[in-house]
Amino acid sequence: MKNYEGVIVFKPDLEDEARNKSLDIIKSTIESNGKVLEVDEWGKRKLAYEINYIKEGYYCIINFEANPELIYELQRKCRIADNIIRYMFVVKKA
């Protein structure tokens, strides 16, 4: 298993309940074949550039251990979620 860091940017106007539900789906996907180490919610931040006329987003950072095959499933779930603006998963070097 490798260590990963995921950054997920949610739409800023989402209610806490909807955002937490989406975050729980991501965490349960990770826990199905890995281990969530830490979840850090940064809150609303200004984006570096506009994305579909949206100027800020709600940032969540997730550190986790997983097999490389799990990343494809996470990307698929983030791609089809309407309330996620951007996402990125990278391998953390030891």
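Definitions and limits used
Residues numbered from 1 in each chain as written. Predicted model: local features only at pLDDT ≥ 70, side-chain atom pairs only at ≥ 80, totals over all residues. Heavy atoms only, no water. Pairing = 2+ DSSP bridges. Helix = DSSP H or I, 4+ residues; strand = E, 2+ residues; numbered from the N terminus. Buried < 20%, exposed > 50% of the residue type's maximum accessible area, 1.4 Å probe, protein only. Contact = heavy atoms within 4.5 Å. Phe/Tyr/Trp six-rings, centres within 6.5 Å; stacked < 30°, edge-to-face > 60°. Arc of directions from axis to C-beta. Core = buried A, V, L, I, M, F, W, Y, C linked by side-chain atoms within 4.5 Å.

Participant: What exactly am I supposed to notice about the pairing of strand β3 (residues 54-66) here?
Facilitator: Note that strand β1 (residues 2-10) and β3 share nine bridges and pair antiparallel. Within the sheet, the bridge partner assigned to Phe-10 lies in β3 and is Tyr-58. Relative to β3, strand β2 (residues 34-51) runs antiparallel, the two sharing 12 bridges. Bridge pairing in β3 links Ile-51 to Ile-54.

Participant: Even after reading the chapter, I still don't get the side chain of Ser-22, so can you show me in this structure?
Facilitator: Summarising the element assignment, Ser-22 is placed in helix α1 (residues 16-32). Accessibility expressed as a relative area gives 12% for Ser-22, which makes it buried. For Ser-22, the contacting residues outside a window of four places in its chain are Phe-10 and Asn-83.

Participant: Explanation requested: the packing of aromatic side chains in the structure shown.
Facilitator: The relation between two aromatic rings is expressed through the spacing of the ring centres and the mutual angle of the planes. Evaluation of the coordinates by the stated rule reveals four aromatic pairs. Both rings, one in Phe-64 and one in Phe-89, keep their centres 6.2 Å apart while their planes meet at 75 degrees; by these two values the pair is edge-to-face. Here Phe-64, found in strand β3, pairs with Phe-89, found in strand β4 (residues 84-91); they are 25 residues apart in sequence, far enough to count as distant. Ring plane angle 40 degrees and centroid distance 6.2 Å describe the contact between Tyr-87 and Phe-89, whose orientation is recorded as tilted. Relative accessible area serves as the criterion here: at 28%, Tyr-87 is assigned to the partly exposed category. Among the residues examined, Phe-89 registers a relative accessible area of 11% and is labelled buried.

Participant: Explanation requested: helix α2 (residues 68-80) in the structure shown.
Facilitator: Since one α-helical turn is 3.6 residues long, residues separated by three or four positions face the same way. Listing the buried residues of α2 in full gives Leu-70, Ile-71, Leu-74 and Cys-78. Take α2 and look down its axis: the buried residues cluster within an arc of 105 degrees, on one side only. Those residues of α2 that are exposed and aimed more than 90 degrees away from the buried face are Glu-69, Tyr-72, Arg-79 and Ile-80. Buried residues belonging to α2 abut β1, α1, β3 and β4.

Participant: Looking at this model, I keep getting lost on the nonpolar core. Mind explaining?
Facilitator: Across soluble globular proteins, you tend to see nonpolar side chains buried next to one another. Among the nonpolar cores identified, the biggest contains 19 residues, and Ile-8, Phe-10, Ile-26, Ile-30, Ile-62, Phe-64 and Leu-74 are the most heavily contacted of them. At five residues, β3 tops the list of elements feeding residues into this core. Ignoring any residue separated from it by four or fewer positions in sequence, one finds Phe-10 in contact with Arg-19, Ser-22, Leu-23, Gly-57, Tyr-58, Cys-60, Asn-83, Ile-84 and Ile-85. The next biggest cluster of nonpolar side chains, apart from the first, holds seven residues, and it includes Val-9, Tyr-59, Ile-61 and Ile-85.

What is shown is where atoms sit, not what they do.
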